[in-house]
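# Coordinates in review
Each chain, letter by letter, is given below.
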Amino acid sequence: MDKLLLEELYYLSVLGRAFEYAAKEHYMTGEISGFLHLDIGQEGFSVASMKAFAKGDVFTTYREHVLAIARGIEPKLVMAELFGKVTGISEGRGGSMHLFDPSHFFYGGDAIVGGHLPNAVGCAWARKYQGEEHGVMAVFGDGATNGGAFFESLNIAAAQKLPLVFLCENNRYAIGTRIDRVAPFEKQAEKAKPYMPTVEVDGMDPIAVYHAVQKAQQHVSEGHGPIFVEAMTCRYEGHSMSDANAYRSTQEMNICKQQDPLEKLKAGLDPEVAKALDEKAQKVVDEAVSFAAESPEPDPADLKKHIFTEETTHALS
Ligand SMILES: Cc1ncc(C[n+]2csc(CCOP(=O)(O)OP(=O)(O)O)c2C)c(N)n1
Ligand SMILES: [Mg+2]
């Protein structure tokens, strides 16, 4: 892999991890409230998938801070959103699960598991109709593959040969429920096989994820219809800040952490370069926290903004 790209993947992954630890810290102090799902352990997957799918529309799950940053959204705008500040990427209205930025073709998270999949299908239909070539990618967890919206989306995407990459991040858990209790197989690609080609990749290996997603984008761009990519990953923290992760043994967690994606990327870099990137990432995160802390709260007078269009408001008054 090209050295500059490797450095970028490493930098963004380290930035993602530092961001998540800072978010955790400021959740504990009460500056961030609501739900907070951390991506620690899976940053390499998030970064590599966004860099590989550089152009095109992206719909994601709620565990999305690192995805958003890797997509190009400034960390300070993401942190301010977590703090509920008006300077946040969604003006402080969405919080952690609703980062939204059309200028980066990032339509963000959805608190409803799998709820974004039909939206991604609709977008893929529109992009095909418009003759746009980059296609659409939907990122979701293994748990989302147990819902009806997932099967409906597979079905119509395949029937209409839509340019849609289904990217499943299989960390084998939906909150505290291990996959084998709620699905008949560990690899969720089995569910997609009747509908479309499937690819499996080690989600803890960012370079492998990068190549798999790049090929998947090529597949949809060339008009071959949808494709399903499954990346096996490992989250190091509990499901959210309210989950103490008590259902996983120390042994299971140790096996998880031995596959660390940041360490894998670092192994390919000059140690001095890696150290400089570590420091740069920490500085950016510190600045993001200061920006978020110092930003103003949203104005209560704007509470009803974005609920009705101007026209609808008039129609009702
Ligand atoms: C339709 C729906 N059902 C249940 C929930 C509650 N819930 C929130 S997160 C989650 C687990 C989803 O797991 P997965 O898709 O594997 O994603 P991960 O958290 O592992 O990234 C559940 C069941 C929800 N938000 N939406
Ligand atoms: Mg999961």
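Rules used in this analysis
Residues numbered from 1 in each chain as written. Chains lettered and ligands numbered in written order. Predicted model: local features only at pLDDT ≥ 70, side-chain atom pairs only at ≥ 80, totals over all residues. Buried ≥ 20, exposed ≤ 12 C-beta atoms within 10 Å, placed from the backbone. Helix = DSSP H or I, 4+ residues; strand = E, 2+ residues; numbered from the N terminus. Pairing = 2+ DSSP bridges. Right-handed = clockwise from strand over helix to strand, strands pointing away. Axes fitted to C-alpha atoms, helices over the stretch in contact; angles between N-to-C directions. Contact = placed C-beta atoms within 7 Å. Near = placed C-beta within 6 Å. Nonpolar A, V, L, I, M, F, W, Y, C, P; charged D, E, K, R; others polar. Core = buried A, V, L, I, M, F, W, Y, C linked by C-beta atoms within 7 Å.

### Some thoughts on the pairing of strand β7 (residues 227-232)
- Where burial is concerned, most of β7 is hidden: 6 out of the 6 residues are buried.
- Residue alternation in β7 divides its side chains into two sets, I227, V229 and A231 and F228, E230 and M232, and both sets are buried.
- Relative to β7, strand β3 (residues 164-170) runs parallel, the two sharing 6 bridges. When the bridges of β7 are listed, E169 appears paired with A231.

### Brief notes about the pairing of β3
- Counted residue by residue, β3 has 7 buried out of 7 residues, so it is predominantly covered.
- Both faces of β3 are covered, namely the face carrying L164, F166, C168 and N170 and the face carrying V165, L167 and E169.
- Pairing geometry for strand β2 (residues 136-141) and β3, over 6 bridges, is parallel. Bridge pairing links G141 to E169 in β3.
- Note that the unit made of β2, helix α6 (residues 148-159) and β3 has a crossover that is right-handed.

### Quick look at the sheet that holds β2
- Pairing is parallel across the open sheet formed by 5 strands, whose spatial order is β1-β2-β3-β7-β6. Each end of this open sheet is capped by a strand with a single partner; those strands are β1 (57-59) and β6 (198-202). If you compare each strand with its neighbour and ignore which way they point, the axes differ by 20 degrees on average.
- Where β1 lies against β2, 3 bridges are found, and the strand directions are parallel. Residue pairing in the sheet places D57 in a bridge with V136 of β2.
- Set on the sheet, helix α5 (residues 116-130) makes contact with β1, β2 and β3; between it and β2 the angle comes to about 170 degrees.
- Against the sheet, helix α9 (residues 206-221) makes contact with β3, β6 and β7, and its axis sits at roughly 170 degrees relative to β7, the strand it touches most.

### Considering the site of ligand 1
- Not every one of the 15 residues close to ligand 1 is listed here, only the nearest: V113, G141, G143, A144 and A174.
- Grouping the amino acids of the shell around ligand 1 by side-chain chemistry returns 7 nonpolar, 6 polar and 2 charged.

### So, the environment of V47
- The topology assignment puts V47 in helix α2 (residues 43-52).
- Apart from residues lying up to four places away in sequence, V47 is in contact with L9, L12, S13, G16, V66, A70 and P206.

### Comments concerning the nonpolar core
- Counting 80 residues, the largest nonpolar core has A138, L164, V165, V213 and V229 as its most contacted members.
- Examining the composition of this core, we find that 10 residues originate from one element, helix α1 (residues 3-28), more than from any other.
- Excluding residues within four positions of it along the chain, L164 makes contact with A120, V121, A124, G135, V136, A138, A157, V220 and P226.

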